[in-house]
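# Observations on the model geometry
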Amino acid sequence: MRLRTRAVKLLEESIRKGEVILERDNLSHKDARLLENILIGVAKNLYLLDCYINSVLARNKLDTTTRNIARVALYQMLFLSRVPDYAIVSEGVESARELGFPESKCRFVNATLHRLTEAAGELQPPDELSIRFSHPKFVVKSLVEYLGEEQALKVIEADNKPHPTFFRINKLHKEKDRFIEKVKKNFAISFHRWFSEYFTVSPNVTPNLLPGFAEGAFTVQNPAFAIPVLLLEPKKGELTVEVGTAPGGKLSLIAEIVGEDAEIIGIDISADKLNITQKNLARLGPVKNISLILADGASLPFPDRSVERLLIDAPCSSLGVLSKFPLARYRKTDEDIERLAQIQEKLLLEGARVLKKDGVLVFSTCTLTKRENTDKILLADRFGLSVDKSYPERLEHFRLKNFFQTLPGEDGFDGCFAVRFRKLV
Ligand SMILES: C[S@@+](CC[C@H](N)C(=O)[O-])C[C@H]1O[C@@H](n2cnc3c(N)ncnc32)[C@H](O)[C@@H]1O
């Protein structure tokens, strides 16, 4: 099957499932990268491409497959300058043929793509941010409300740029130095500016192809998500619990910080996700000090005032990771924010119950809405929690008033929010 045909088929499936599905089997490295570029690029620019297609072909209603052929072709015309227009048109027509279109419909596809090539140079980006950057209107509105126009614009621009994959070095791994040397021999490595235990490699590689990954020397995690864990300051000799723990990115970092003989418990409501967590932790090495418990964080299996350090990594609308999950944005709704905010409130209330006096509770999300983030600060006060002003120095750069935050696009970060509370009574 031709590469563009594969792209059209995968695009159809990806849109149906709401996540980008990449099938790289039997492709050269170069073709695999082109396929990825096309699929992720189209996914991130869906509203814009459709707006252009509708304006050029105002009177033609396109069926789903023809629309996907047109999206793939127009994306290449506008964003991939190396592919000449005539090649894009003929590839599009060949895709239609390969997908079983009758000759008359292939001629229609040919005419459609020709009209797009003629118009491509004249297309003007629409003023409306939602369409220009392919974000649902309520997402733009929520970001503007929370961040102000200037920063919201930076975030939605960053959402459409490539998402870097960061690897975190497993501090407990006995052979980590040997594997880092091996990575350096095969790739250009760059360590993160603020968190030097995180690095990216060039050329980009799928994680299981990185030397040392299968052996547990590294894990995939954006450095922004170290912040809630560092803010928690887990310590030996104290019970540390994470609510919303799957797939274990922060839990394994807690274990790395505290070392082998700490008591750490990860709680999640999803049995399937806990199974994945178990596998991820097992890959990273001996995990005898971590227990996983299937439970609802709104009803924790702990007595009152029994936990010293509690991280609530709450389910959220995930507006801070739209670059990583390019199709997820189109499925989100305004009601999700309210529904999730109510779940988060229950988790916070229950967290306040199980926390010891003087215990530390960090509440974190990977979203950027007021309702899910800063509104919790007012609420926590009613639950007997006060914002804790003591925190590790190295986090000062990420502090905004009394909470901590990173934004997508800054230093390769995803968006992360975290606030640290203490139970004073
Ligand atoms: C943001 S993800 C956690 C990411 C994880 N902490 C990490 O760093 O890899 C949120 C998690 O909360 C879990 N969750 C959702 N509702 C929950 C609830 N009521 N109680 C416990 N866990 C819940 C989800 O299954 C999901 O795994």
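Below is a short write-up of the structure. Because the structure is a prediction, the values reported are computed rather than measured.

Our focus in this paragraph is the overall build of the protein chain. Assigned secondary structure in the protein chain consists of 15 helices and 13 strands. Over its C-alpha atoms the protein chain spans a radius of gyration of 24 Å, differing by no more than 12% from the 22 Å that the globule rule assigns to 425 residues. In terms of overall dimensions, the protein chain has a C-alpha envelope of 75 × 50 × 35 Å along the principal axes. In the protein chain, which comprises 425 residues, the proportion classed as buried is 43%.

A few words now on unusual backbone geometry. A cis amide bond, omega -5°, links S202 with the succeeding residue P203. Following the sequence through the fold, P203 ends up in the loop between β3 (198–202) and β4 (218–220). For N26, which is not glycine, the phi dihedral falls at a positive 60°. Tracing the chain through its elements places N26 in the loop between α1 (3–17) and α2 (29–44).

Spatial strand order, β2-β3-β1-β4: four strands in an open sheet with antiparallel pairing. For this open sheet the edge positions go to β2 (188–191) and β4, each flanked by a neighbour on one side alone. Here the average twist between neighbouring strands, direction ignored, is 35°. Bridge analysis of β2 against β3 gives four bridges, and the strand direction is antiparallel.

It is worth spelling out the nonpolar core at this point. Side chains of a nonpolar character, in soluble globular proteins, are inclined to be buried together. Membership of the largest hydrophobic core comes to 81 residues, with the highest contact counts inside it found for L143, I227, I312 and L361. With seven residues, the top contributor of residues to this core is helix α14 (residues 334–354). There are two domains that each give this core at least three residues, and those are domain 2 (167–220) and domain 3 (223–423). With residues near it in sequence (within four places) discarded, I312 still touches V243, G244, G297, L347, L348, G351, L361 and F363. Listed in part, the 28 residues of the second largest apolar core include A43, L49, V93 and L116.

Attention shifts here to helix α12 (residues 249–258). Along an α-helix, residues three or four apart share an orientation, since each turn contains 3.6 residues. Most of α12 sits out of view: nine of its ten residues are buried. Within the sequence span of α12, burial applies to K250, L251, S252, L253, I254, A255, E256, I257 and V258. G259, located one to two residues past α12, shows a positive phi value of around 90°.

Helix α6 (residues 103–120) packs onto helix α5 (residues 85–98) with a crossing angle of 155° between their chain directions and a minimal axis gap of 9 Å. Overall, the two elements α5 and α6 adopt an arrangement that is roughly antiparallel. Judged by the sense of rotation from one axis to the other, the crossing of α5 with α6 is right-handed. Contact residues: α5 offers D85, V89, G92, V93, A96 and R97, while α6 offers K105, C106, V109, N110, L113, H114 and T117. For the contact of α5 with α6, a count of residues per class yields six nonpolar, four polar and three charged.

With that settled, the discussion passes to the packing of helix α4 (residues 64–79) against α5. The N-to-C vectors of α4 and α5 enclose an angle of 165°; their axes lie 10 Å apart at closest approach. In this view, α4 runs roughly antiparallel relative to α5, as classed from their interaxial angle. At the point where α4 passes α5, the crossing takes the right-handed sense. Of α5, the residues touching α4 (which contributes I69, A73, Q76 and M77) are D85, I88, G92, S95 and A96. Classifying every residue of the contact of α4 with α5 by side-chain character gives five nonpolar, three polar and one charged.

So, on to the environment of T333. Here T333 lies in the loop between β8 (307–313) and α14. Separated by 270 residues in sequence, T333 and D63 have C-alpha atoms that sit 26 Å apart.

All right, on to the environment of P303 then. Note on placement: P303 falls in the loop between β7 (290–294) and β8. Placed 53 residues apart in sequence, P303 and K356 show a C-alpha to C-alpha distance of 9.9 Å.

Attention now goes to the pairing of strand β9 (residues 355–365). Counting buried positions along β9 gives eight out of eleven residues, so the element sits mostly inside the fold. With six bridges connecting them, β8 and β9 associate as parallel partners. In the strand pairing of β9, L310 is matched with L361. The handedness of the β8 to β9 crossover, carried by α14, is right-handed. With six bridges joining them, β9 and strand β13 (residues 416–423) adopt antiparallel strand pairing. Across the sheet, the residue bridging to V360 is R422, located in β13.

Procedures and definitions
- Residues numbered from 1 in each chain as written.
- Predicted model: local features only at pLDDT ≥ 70, side-chain atom pairs only at ≥ 80, totals over all residues.
- Helix = DSSP H or I, 4+ residues; strand = E, 2+ residues; numbered from the N terminus.
- Rg over C-alpha atoms; globule rule 2.2 N^0.38 Å.
- Buried ≥ 20, exposed ≤ 12 C-beta atoms within 10 Å, placed from the backbone.
- Pairing = 2+ DSSP bridges.
- Axes fitted to C-alpha atoms, helices over the stretch in contact; angles between N-to-C directions.
- Core = buried A, V, L, I, M, F, W, Y, C linked by C-beta atoms within 7 Å.
- Domains from an automatic or database assignment.
- Contact = placed C-beta atoms within 7 Å.
- Parallel < 35°, antiparallel > 145°, perpendicular 65-115°, else oblique.
- Left-handed = near helix turned anticlockwise from the far one by under 90°.
- Nonpolar A, V, L, I, M, F, W, Y, C, P; charged D, E, K, R; others polar.
- Right-handed = clockwise from strand over helix to strand, strands pointing away.

Everything listed here is a matter of coordinates, which is why it stays silent on function.
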